[in-house]
Structure formats: structure tokens, C-alpha cells
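Working through the structure, step by step
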Amino acid sequence: MTQHPESPVGHQDMANALRFLAVDAVQKANSGHPGMPMGMADAAAVLFSRFLKFDAAEPRWADRDRFILSAGHGSMLLYGLAYLSGYPDIDIEQIKSFRQFGARTAGHPEYGHLAITETTTGPLGQGIANAVGFALAEKMMAARYGAGIVDHYTYVIAGDGCLMEGMSQEAISLAGHHGLNKLIVLWDDNGICIDGATSKTTSDDQLMRFKASHWDVQAVDGHDPEAVAAALEAARKSATPSMIACRTVIGRGAPTLAGTEKTHGAPLGEKEIAGARAALNWPHAPFDVPAPILAVWRDAGARGRGERLAWQGRLDALGADRKAEFLRVMEGRLPDGWGGVVNAFKKRMSEEKPSVATRKASEMTLDVLVPAIPELVGGSADLTHSNLTIVKGMPAVTPQDASGRYIHWGVREAAMGAAMNGLALHGGFIPYGGTFLVFTDYCRPAIRLSGLMGKRVVYVMTHDSIGLGEDGPTHQPIEHVASLRAMPNVLVFRPADVVETAECWALALENDRRPSVLALSRQNLPTVRTTHTDENLSARGAYVLREAEGGERRATILSTGSEVEIALKAREMLMAKGVPTAVVSMPCWELFDEQPETYRSRILGKGCKSSVRVAIEALGTFGWERYVGRRGAVIGMTGFGASAPAAKLYEHFGITAEAVVAAVEARI
């Protein structure tokens, strides 16, 4: 423990300072979760004062240990640790403002609010799965730059709820398979969930569960600091990931409520708090941490300064180019020249005019991106050769060799999404991962958190409509794109051909503060962009692919992806009937909605008198109404699909050029 020999401050003082900051903050806010911080204060104090490699004065240095509070409802534990350790972006006023509007001390930890917050947690299970991504990133970066530059642990505090969530099994299995020995999970084994004793809902042997997935396991009294310290010391020497079951009492110290669900998610009340202060010998006023105790905590926060400076010396000794490359990838800056590679590829595709599925177009784009962007790492949830997410120059990341660039996630979509968030949060990599679009249902929580955190994660989702054909309605996405478009700060791309696919990939990489979903076709599509432009036309979300001819625009057909081909055919039919018609490709609604009103009106043809707008997309129709207006029409799916060849399905469900023509003629 960090303390001066003559100091009377001991472990219990440090842990109680942490406990009562949580108790007092929750009481003042009249909202929050005091029980977990009260129970895990002992283990957290041991971790931060004796083991965690960090320097509170420089909290984001690259080789710090990562600490993830997977049980995010206990956020005051995290905030108390930050304040006591001396992180510069939090003071006692922030603690007092817990859960208040504008405070950085939100109800659940939010990435970007405070330097100590490595990831946004609260949805249970996400944090432990994020941690697998962090630990995998550490192993992969160490394989690239050596242990002198990358050598740190990822520590997690997880609760019963985290381990009940199904995705935790995916994450535990993945970590064990990859031998992530620098991942250490402290399980708050308090036997309580919101509904009461966990025995109401589970009788799992968690130690055997982790052991079965090739983890080292230990069980200790979570209130015995020496037992916790010994377990951590042993875990750091393990050749496998480690789980330490810390048997604790939720709400420790509360005289009548300790050990019950009543301490989980509500203030204790003044009388109970007074009793806890007496029971734990903490006679100090709310939010008062005596100077000697705070000084010992601040010493703990400064303990890692020497290690940080030594690391900086090793980084400086790498050589200018190697150091610059390390800093570039950790800061998330793209390398010079990559944009020119994409532009040259676009030009070649416009000239060659291939007819390929956009999943194949994505693979072709990756063929040029992967050599140009060394930090780009890919993977798939056991659908590599369907998603077409691997290209030459991407050896697999294996338990024995982490220097590769392709991760076989297995059938673990939930953990894949969360671990990709961890890879992105750790720094050093731009992750992308693939599965079928319909299976975004499995990784939706991770996609949402990618958006909430503003992290550049690319979700390559193929087989994007009824066009996938014979696999039938279980695999045919209907509502999925609309629901993804409804997520804030998520870019959803549905490109029409190989050129748009390259442009959408470029935009996904350029947008470093939001994730992207690439919705890609199974079936072949013709190249519709046959005239090269250096400008990325998809960057404005929508553009006029073919303008009306023979007079003022009377019809505008809006479309995305595989239905742009149909829209172009309908335009030819309408033009032959004397109806000047434009086709607008809309690969990204979100980017289009960000354009100035004048641009949007021009693209949609709002200034054209007696003009109608018809949208066609082989997906659910929700959302299109705001673009077609009251006089317009939307041609799409109103129910589930069926099992049949794609052409038959398009005909059966009326996703045809003839349907577009009929809709236009009925409205002009």
C-alpha cells in the first residue's frame, strides 16, 4: 500500500473514503446505486493502490493499465477512485453533482466524460466483452511494437448481472481461446441482484464455468485486502486470463440493509448512513476526506509516474519513424496517401464496369485499403467467405501469434461487436467485422454503444435484403436498416455498385467519431457510376445519379443499393413515355440529412412544379415518407419475405420497375 511509514492511514481508511463518497453522492442525488461501491471498495482500493499501472497526472498515456467497471451501475466507485487518486478532470464538486445535468459524473460511466472512463458501461455484459477487445488489442500491439512499448493489463470489475448476460459467455470463451493472460476480472460475488438473492435465478458454478473456458480461477474474501492482493499477484503470473471471485457484502457497513437488494439501487437514507458511519468508524461529514487519507490516495495516483517516464524513454528510443507511426495509430490518424489509392480504384472500376455483388465490391475495396492502412484489422462471425471480409495480406490472429490482421470471431456476434468497441477504444486499430445484416440483432447493443461513444467501428453486414433469396425469411432483413438508421450517430451505408462501395468505405474510415454499417448485397449489381469523378459523391448522402431529360423534372425516383438498378430501368420506361425523370441514389440518409436545405431540396426536386417522388427499396418502408412527401409513394416490403430465387421474390413482392412506373403515373 502506498503510505508514509509514520502515517496512521491504513487500508480501511482508504476503502472507507471510497465507500462514503459513493454513499454521500447517491444520498445527495437521491438516486443511484450505493451497494456495489460499498461492497467492492476494499478490492478497488487494493487494485489502485498496489497494482494498477497508471499516472493520474497523465491519465491517458498509452501503456497504462486499463480499468473497466463492467458493473456500470456502481459508477460512484469509478468516480471516487478518480477523485481520490487525483485525476485532474474531477473535483469534489463533480462528486457532489453526481447524476445532475451537465455534470461529468453521469449515472453510468460515459466514455469521454472523464479520463478514467475507458468505455461506456451500464448495459450489463458489455464491459466485460469490451475488456476482451482491450486485452486482445494489447496483445496485438505488443506483437507489433514489443513489450518495451506495449505491456499492460486490463482489469475488470464485473457483477452477477454481467455474468448472467449471455454475451458474457461469448466473451469468456473468446478470451480463454486466445489466452489473454493480461485480462483479470474481479467478480463482485455478493449473491444479490435487483430481485433479491441470485439463488432465485441462477445456480451456476461460476468458477467452474470460467475454468471450462481455460481461465485461471481463485476465490477470496473480498473484504480481506491481503487475500485480494495475493490473488491479484497470482493472477498477474498466470498464463491464461484470470477470474477472482471476491465474496463481498453488498452495502457493507449499512446496519440494517447490508447484504440485501435494498442497497442496490436506492439511497440508504440519513439514519442508515449514520449507522454505517458508526459501524465503520467513519465520523467525518459528507464528502469530507481527511487530508492524511487524501494524501495517501494521491500518492497512489502518482505511484506510476516513474514507470510512465521510463516508458517515454523507451518510446523515444524507438527511432523517429517508428515512434511517429506508433503515435499516429494510437491517435487514430489515417496514413498519408490512402485517399489516392481509393480514388485510383474508383477510376479503374468506372472504366472496367464490373457486375459484382456489393459484398464482393467491399472485398475488392479492401484489397487496396488493407495494404494502405496497416492498422485496419478485420474479422467475421464465422461467415468469412460469405461476408468476403478477408483479403491477401491478412494473416489470422491466433492464440500463438497475435501479429495478424484478421480475427476469426466464431459464432459470437454479440461479443464481436463489443470486442471491436474495445479494440477501437484501446487505440492502435480500426476494426471491422462481418456477419449477415439480419444478425445485427445480435450485436445491436454494441452498435448502439459505438454510436454513443463516437468510435470508428465498421460493421460489414452482407445479404442485405430479400435479394439473398433461397435462405428465406429467417435470413432476409426487413426492418433492420430502418432500425439502424434510427440510431443516433450511426452512419448506415447501402451502396449501389462497386464505385459507391469504395466511396462508402472511404467515408466509414474518414468519420473517426462515429461507427458505420455497410449493408451489402449478395446478388450481382451492375456498375452504375461509369463516369469517374475525383469527388466522393456519396459524401453528401444522396446525389442525382441520372438527371431528367427532355424538360423539367416531373418524377424523381429515390433508391439505395440493389434497387438503384431497378430505378434506372423505371426511368428509361418513364422517359420513353415522355415523363422527364431523375434517379437519386441515397447511399447514406444520415449524411444527406446533414446537408443544407438548398442542396436537399435540389436533389429531391422540390423546386419542380407538378413533380412527384417515388422511393424503392427491397426493405421495410419505414422512414421514406419524409423524403417522398404527401404526394409520393414508397415501394418496399410490408411483411416478411419468402424462400425462393431473388428474381422471383422481387417479382412476387412487386419490387419492380413496372411498379415504380405505375406509382408515378398514378400521381402525375
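Each residue is numbered by its place in its chain's sequence as written, counting from 1. Thresholds applied to this predicted model are a pLDDT of at least 70 for local features of residues and 80 or more for the giving and counting of side-chain atom pairs; totals over whole chains, interfaces and linings are not thresholded and use all residues. With hydrogens and water stripped out, all remaining heavy atoms of the structure feed into the side-chain values.

Looking at the layout of surface pockets
What counts is decided by this rule: Put plainly, a pocket is an open set of points on a 1 Å grid over the protein atoms alone with protein on both sides within 12 Å along at least five of seven lines, a cavity is a set where a 1.4 Å probe fits but cannot get out, and a lining residue has an atom within 4 Å of a point. Grid points are joined across faces, edges and corners, and a volume is the space filled by probe spheres set on the points. Only runs of H or I of at least four residues qualify as helices and only runs of E of at least two qualify as strands under DSSP, and these elements are numbered from the N terminus. Each residue is assigned to one of three groups, with Ala, Val, Leu, Ile, Met, Phe, Trp, Tyr, Cys and Pro labelled nonpolar, Asp, Glu, Lys and Arg labelled charged, and all others, Gly among them, labelled polar.
Estimates place the volume of the largest pocket at around 710 Å³. Counting only elements with at least two residues in the lining of the largest pocket, the list comes to helix 12 (305-316), helix 13 (320-331), helix 17 (413-426) and strand 10 (430-436). Looking at which element gives the most residues to the lining of the largest pocket, the answer is helix 13, with five residues. Partitioning the lining of the largest pocket into residue classes produces 15 nonpolar, six polar and twelve charged. By volume, the second largest pocket is sized at about 300 Å³.

A short note on the sheet that holds strand 17 (residues 612-620)
As a general point, the strands of a sheet are linked pairwise by backbone hydrogen bonds and lie either parallel or antiparallel. For clarity, the cut-off: In this analysis, strands are considered paired if DSSP registers two or more bridges between them. Axis geometry follows a simple rule: fit a line to the C-alpha atoms, using only the stretch in contact for helices, then measure angles between N-to-C directions, giving values from 0 to 180 degrees. By definition in these notes, contact holds between two residues if any of their heavy atoms fall within 4.5 Å.
Across the sheet, five strands lie side by side as 14-16-15-17-18; this open sheet has mixed pairing. Edge positions in the sheet fall to strand 14 (543-546) and strand 18 (633-637), since each has one partner strand and no second. Looking at each pair of strands side by side, their axes are set apart by 25° on average, direction ignored. Taken together, the four bridges between strand 17 and strand 18 define a ladder with parallel strand orientation. Each bridged residue has a counterpart across the sheet, and for Ile616 the counterpart in strand 18 is Ile635. Along the sheet, helix 21 (residues 564-576) contacts strand 14, strand 15 (555-559), strand 16 (581-585) and strand 17; its crossing angle with strand 16, the most-contacted strand, is approximately 170°.

Concerning the confidence of the model for the protein chain
Put simply, the rule reads: Confidence scores here are pLDDT values: one per residue, from the predictor, ranging 0 to 100.
Put simply, the protein chain has an average pLDDT of 97, and 99% of its residues get 70 or more. Counting interchain partners and residues more than four positions distant, the pLDDT-below-50 stretch residues 1-6 has 14 contacts.

Examining the pairing of strand 3 (residues 183-189)
For clarity, the cut-off: Relative accessibility thresholds used throughout: buried, under 20% of the residue-type maximum; exposed, over 50%; partly exposed, between the two (1.4 Å probe, protein chains only).
A large share of strand 3 lies buried, amounting to seven of its seven residues. Residues Leu183, Val185, Trp187 and Asp189 point to one face of strand 3 and Ile184, Leu186 and Asp188 to the other, with burial holding for every one of them. The sheet contact formed by strand 2 (residues 154-158) and strand 3 spans five bridges and is parallel. When the sheet's bridge partners are listed, Thr154 is paired in strand 3 with Leu183.

Let's talk about the pattern of salt bridges
Note the following rule: Each salt bridge in this description consists of a side-chain nitrogen of Lys or Arg and a carboxyl oxygen of Asp or Glu lying within 4 Å of one another.
Inspection of the entire model under this criterion finds 32 salt bridges. Measuring nitrogen to oxygen at the nearest pair gives 2.9 Å for the salt bridge that ties Glu325 to Arg328. Here Arg328 and Glu325 lie together in helix 13, a separation of three residues that amounts to about one turn. Take Glu325: its relative accessible area is 26%, and that puts it in the partly exposed class. Across the salt bridge formed by Arg494 and Asp464, the nearest N and O atoms sit 2.8 Å from each other. Of this pair, Arg494 sits in the loop between strand 12 (491-493) and helix 20 (498-510) while Asp464 sits in the loop between strand 11 (458-462) and helix 19 (480-485); the two residues are 30 residues apart in sequence, bridging distant segments of the chain. Accessibility assignment for this pair places Arg494 and Asp464 in one class, buried. A single network of salt bridges, built from pairs that share partners, joins Asp464, Arg485, Arg494, Glu563 and Glu617.

Let's talk about the packing of helix 5 (residues 126-145) against helix 7 (residues 166-178)
Put simply, the test is: Relative orientations are named as follows: roughly parallel for angles under 35 degrees, roughly antiparallel for angles over 145 degrees, roughly perpendicular for angles from 65 to 115 degrees, and oblique for any other angle. It is the rotation of the near helix from the far one that decides the hand of a crossing: anticlockwise by less than a right angle makes it left-handed, clockwise makes it right-handed.
In contact at an axis separation of 8 Å, helix 5 and helix 7 are set at 20° when each is read in the N-to-C sense. Between helix 5 and helix 7, the crossing angle belongs to the class labelled roughly parallel. For the pair helix 5 and helix 7, the sense of crossing is left-handed. Within the contact between the two elements, helix 5 uses Gln126, Ile128, Ala129, Val132, Leu136 and Lys139 and helix 7 uses Met167, Ser168, Ala171, Leu174, Ala175 and His178.

A look at helix 11 (residues 291-302)
Inclusion rule: For a helix, the expected span equals 1.5 Å multiplied by the residue count minus one.
In a regular helix each residue adds 1.5 Å, so twelve residues correspond to 16 Å; helix 11 covers 16 Å between its end C-alpha atoms and thus fits that length. Buried residues belonging to helix 11 abut helix 1 (11-29), helix 2 (35-51) and helix 3 (75-85).

Re the state of the cysteines
Rules: Note on terminology: pairs of cysteine sulfur atoms within 2.5 Å are recorded as disulfides.
Evaluation of the coordinates by the stated rule reveals zero disulfides. As a non-bridged cysteine, Cys443 has Cys588 as the owner of its nearest cysteine sulfur, 18 Å distant. Cys443 gets classed as buried once you look at its relative accessible area, which sits at 1%.

A look at the packing of aromatic side chains
To keep it simple, the criterion reads: Each Phe, Tyr or Trp ring (for Trp, its six-membered ring) is paired with any other whose centre lies within 6.5 Å, and the angle between the two planes then decides the class: stacked below 30 degrees, edge-to-face above 60, tilted in between.
Going through the model one piece at a time under the given rule, you end up with 18 aromatic pairs. Each ring, one from Phe20 and one from Trp282, has its centre 6.0 Å from the other, and the planes form 0°; the classification is stacked. Linking Phe20 in helix 1 with Trp282 in the loop between helix 10 (270-279) and helix 11, this pair joins segments that are 262 residues apart in sequence. For the pair formed by Phe20 and Trp282, the shared burial category is buried. Relative to Phe98, the ring of Tyr79 lies with its centre 6.1 Å away and its plane at 65°, an arrangement referred to as edge-to-face. A residue pair is termed long-range when its members are at least 10 positions apart, and Tyr79 in helix 3 and Phe98 in the loop between helix 4 (92-96) and helix 5 qualify at 19 residues. The same class applies to Tyr79 and to Phe98, which are both buried. Linked through ring pairs, Trp589, Phe592, Tyr599, Trp624 and Tyr627 together constitute an aromatic cluster.

Concerning the environment of Ala131
Within the fold, Ala131 resides in helix 5. According to the relative accessible area criterion, Ala131 is buried, its value standing at 0%. A sequence separation of 513 residues divides Ala131 from Ala644, and the C-alpha atoms of the two residues are 42 Å apart. Setting aside residues no more than four positions away along its own chain, Ala131 makes contact with Ile68, Thr154, Val156 and Leu183.

Let's talk about helix 10
Inclusion rule: The directions from the helix axis to the C-beta atoms are what the arc is built from.
Buried within helix 10 we find Glu272, Ile273, Ala276 and Arg277. Looking straight down helix 10, one finds that the buried residues subtend no more than 140° of arc, so they occupy a single side. Away from the buried face of helix 10 by more than 90 degrees, exposed residues Glu270, Lys271, Ala278 and Ala279 are located. Where helix 10 ends, the next residue or the one after it, Asn281, has phi of about 55°, a positive value.

Considerations on empty space enclosed by the protein
Under the counting rule described, the total for this entry stands at two cavities of 30 Å³ or more. As a volume, the largest cavity reaches approximately 80 Å³. Lining the largest cavity we find Phe48, Leu52, Phe54, Pro59, Arg64, Asp65, Phe67, Tyr87, Ala115, Ile116 and Glu118. The class makeup of the residues in the lining of the largest cavity is eight nonpolar, no polar and three charged.

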